[in-house]
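One-letter residues, chain by chain:
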Amino acid sequence: MVLTQKLNGTSEQDEEKIVCQPLHHLDIPYEKATFGMGCFWGCDSLFGATKGVLRTIVGYSGGTTPSPVYRNMGDHTEVIEIHYDPTQITFLDLLELFWNNHEYGLTTRIKRQYMSLILYHNEEQRQISEKSRQEEQIKRAPEQIITEIAPAGTFYPAEDYHQKYRLQSHRELAKGIGLKAELLHSSHVAARLNGYLIGVGGLDQFDADAHRLGLSKDQIQYVRDYVRDNEGGGIFC
């Protein structure tokens with residue numbers, strides 16, 4: 001869906017409608033990170049509005065049960081798969097957010113669905129994860145970190161209603177950027193808005209990012225109001 005707006009600073013002569021195309025697709029080389037850190041709605045917002053993250057998908061992984069679904073997850077865990085630009089953000093940067101934004105499960109064992117989990121995609125990620133966990137344990141002693149580190153296996157995307165959960169509750173905005181089912185796993189602008197709407201990233205970051213995302217003037221103001229009101233609040237479910 002193509003939207004239009006008049007940009008600030010244009011002369012009356014040039015003040016014609018300028019095409020605004022929501023930025024769904026980015027053709028940028030990426031690497032993957034996969035984390036379980038409690039309910040996946042909160043971390044979907046957290047990472048979606050993090051600089052250097054290209055897209056996010058929530059789903060189920062880490063277990064052996066075939067074809068898990070939300071009501072029959074078996075031994076899988078709720079996880080987020082993050083596609084990130086390694087020239088803009090490092091795996092260690094992502095781990096810093098991982099350690100400091102668990103809803104639960106980091107030091108208290110609860111059911112496997114919400115366990116603290118790092119699924120590494122290569123040997124380098126394994127080594128970085130294990131060293132990072134050791135360092136984090138020292139910081140948090142005498143509490144005992146119970147995060148598991150394991151190789152990434154099959155990732156099963158969650159049902160559509162779990163994807164970009166916060167954004168989907170803003171139905172007119174989601175409709176306005178043309179957020180159809182096939183974009184829930186791949187849209188860059190959807191990932192960003194899913195975080196901005198609950199204040200992730202803050203107002204300065206959103207203001208710097210807004211026009212790049214291809215939003216209309218009205219959409220920018222709508223999201224900006226939510227960023228302002230929610231900045232500094234919680235990201236949890």
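Residues numbered from 1 in each chain as written. Predicted model: local features only at pLDDT ≥ 70, side-chain atom pairs only at ≥ 80, totals over all residues. Heavy atoms only, no water.

Caption draft 1: Quick peek at the overall build of the protein. Along the backbone of the protein there are 8 helices and 8 strands. Here the C-alpha atoms of the protein give a radius of gyration of 19 Å, agreeing with the 18 Å that 2.2 N^0.38 yields for 237 residues. When contacts within the protein are restricted to residue pairs at least 6 apart in sequence, those whose partners lie at least 24 apart make up 73%. (Helix = DSSP H or I, 4+ residues; strand = E, 2+ residues; numbered from the N terminus. Rg over C-alpha atoms; globule rule 2.2 N^0.38 Å. Contact = heavy atoms within 4.5 Å.)

Caption draft 2: Molecular detail of helix α7 (residues 202-209). Three or more residues of α7 are buried, namely G202, L203, Q205, F206 and D209. Down the axis of α7, the buried set is contained in an arc of 165°. They therefore lie on one face. Turned more than 90 degrees away from the buried face of α7, the exposed residues are D204 and A208. Turning to α7, the residues buried within the fold contact α6 (188-196) and α8 (217-230). (Buried < 20%, exposed > 50% of the residue type's maximum accessible area, 1.4 Å probe, protein only. Arc of directions from axis to C-beta.)

Caption draft 3: Summary view of helix α2 (residues 91-100). For α2, the full list of buried residues reads F91, L94, L95, F98 and W99. Across the axial projection of α2, the buried residues extend over an arc of 140°, all falling on one side.

Caption draft 4: Representation of unusual backbone geometry within the structure. Of note, the bond from A141 into P142 is cis; its omega dihedral lies within 30 degrees of zero at 10°. Secondary-structure assignment places P142 in the loop between α3 (123-140) and β7 (148-151). Positive phi, close to 50°, is recorded for S67, a residue that is not glycine. Residue position: S67 is located in the loop between β4 (53-61) and β5 (77-84). One non-glycine residue with positive phi stands out, namely K164, at about 50°. Position of K164 relative to the elements: it lies in the loop between β8 (156-157) and α4 (165-168).

Caption draft 5: Layout of the layout of surface pockets. Approximately 170 Å³ is the volume found for the largest pocket. For the lining of the largest pocket, the leading source of residues is α7, giving 3 residues. Among the residues making up the lining of the largest pocket, the classes are represented as 5 nonpolar, 4 polar and 5 charged. (1 Å grid on protein atoms, 1.4 Å probe; cavity = no way out; pocket = protein on both sides within 12 Å on 5 of 7 lines; lining within 4 Å. Points joined across faces, edges and corners; volume = space filled by probe spheres on them. Nonpolar A, V, L, I, M, F, W, Y, C, P; charged D, E, K, R; others polar.)

Caption draft 6: Structural view of the nonpolar core. By size, the foremost hydrophobic cluster in this structure holds 53 residues, and its most contacted members are F35, F47 and L167. In this structure L167 touches L173, A174, I177, L179, A190, L193, N194 and L197, once residues within four positions along its chain are discounted. Residues I57, V79, M115 and L117 belong to the second largest nonpolar core, which totals 6 residues. (Core = buried A, V, L, I, M, F, W, Y, C linked by side-chain atoms within 4.5 Å.)

Caption draft 7: Structural view of empty space enclosed by the protein. Counted under the stated rule, the structure contains 1 cavity of 30 Å³ or more. Its boundaries defined by the atoms lining it, the largest cavity holds a volume of some 40 Å³. Each residue belonging to the lining of the largest cavity can be placed in one class, and the counts come to 5 nonpolar, 2 polar and 1 charged.

Caption draft 8: The arrangement of the state of the cysteines in detail. Applying the stated criterion to the full structure yields 1 disulfide. Paired by a disulfide, C39 and C237 hold their sulfur atoms 2.1 Å apart. Note on the C39 and C237 pair: the S-S dihedral is about -95°, so by sign convention the disulfide is left-handed. Of this pair, C39 sits in the loop between β3 (31-37) and α1 (40-48) while C237 sits in the segment after α8, placing them 198 residues apart in sequence. Note on C237: relative accessible area 44%, which makes it partly exposed. Note on C43: no disulfide assigned, nearest cysteine sulfur contributed by C39 at a separation of 7.5 Å. Taking the relative accessible area as the measure of exposure, C43 reaches 4% and is therefore buried. (Disulfide = S-S within 2.5 Å.)

Caption draft 9: Spotlight on the side chain of E78. In this structure, E78 sits in strand β5. Buried within the structure, E78 lacks any salt-bridge partner; its nearest side chain of opposite charge belongs to K111, at an N-O separation of 7.5 Å. Of note is the side chain of E78, whose polar atom sits 2.7 Å from the side chain of Q113. Every residue in contact with E78, bar those within four places of it in the chain, is listed here: F35, G36, M37, G38, C39, F40, G59, Y60, Y70, M73, Q113 and Y114. (Lys, Arg positive; Asp, Glu negative; His and termini not counted. Salt bridge = Lys/Arg side-chain N within 4 Å of Asp/Glu carboxyl O. Polar contact = N/O pair within 3.5 Å; in protein donor to acceptor, adjacent residues only side chain to side chain.)

Caption draft 10: Looking closely at the packing of aromatic side chains. Taken as a whole and judged by the stated rule, the model has 9 aromatic pairs. Residues F35 and F47 carry aromatic rings whose centres are separated by 5.8 Å and whose planes lie at 40° to one another, so their mutual orientation is tilted. One end of the pair, F35, is in strand β3; the other, F47, is in helix α1, with 12 residues separating them in the sequence. With respect to burial, F35 and F47 carry one shared label: buried. Judged by centre distance (6.0 Å) and plane angle (35°), the rings of F35 and F91 are tilted. Taken together, the residues F35 in strand β3 and F91 in helix α2 connect sequence positions 56 residues apart. For F35, a relative accessible area of 0% puts it in the buried group. Pairwise contacts between aromatic rings join F35, F47, F91, F98 and W99 into one cluster. Over the face of the ring belonging to Y30 we find R55, whose NZ or CZ atom lies 5.1 Å from the ring centre. (Phe/Tyr/Trp six-rings, centres within 6.5 Å; stacked < 30°, edge-to-face > 60°. Lys NZ or Arg CZ within 6 Å of the ring centre and 35° of its normal.)

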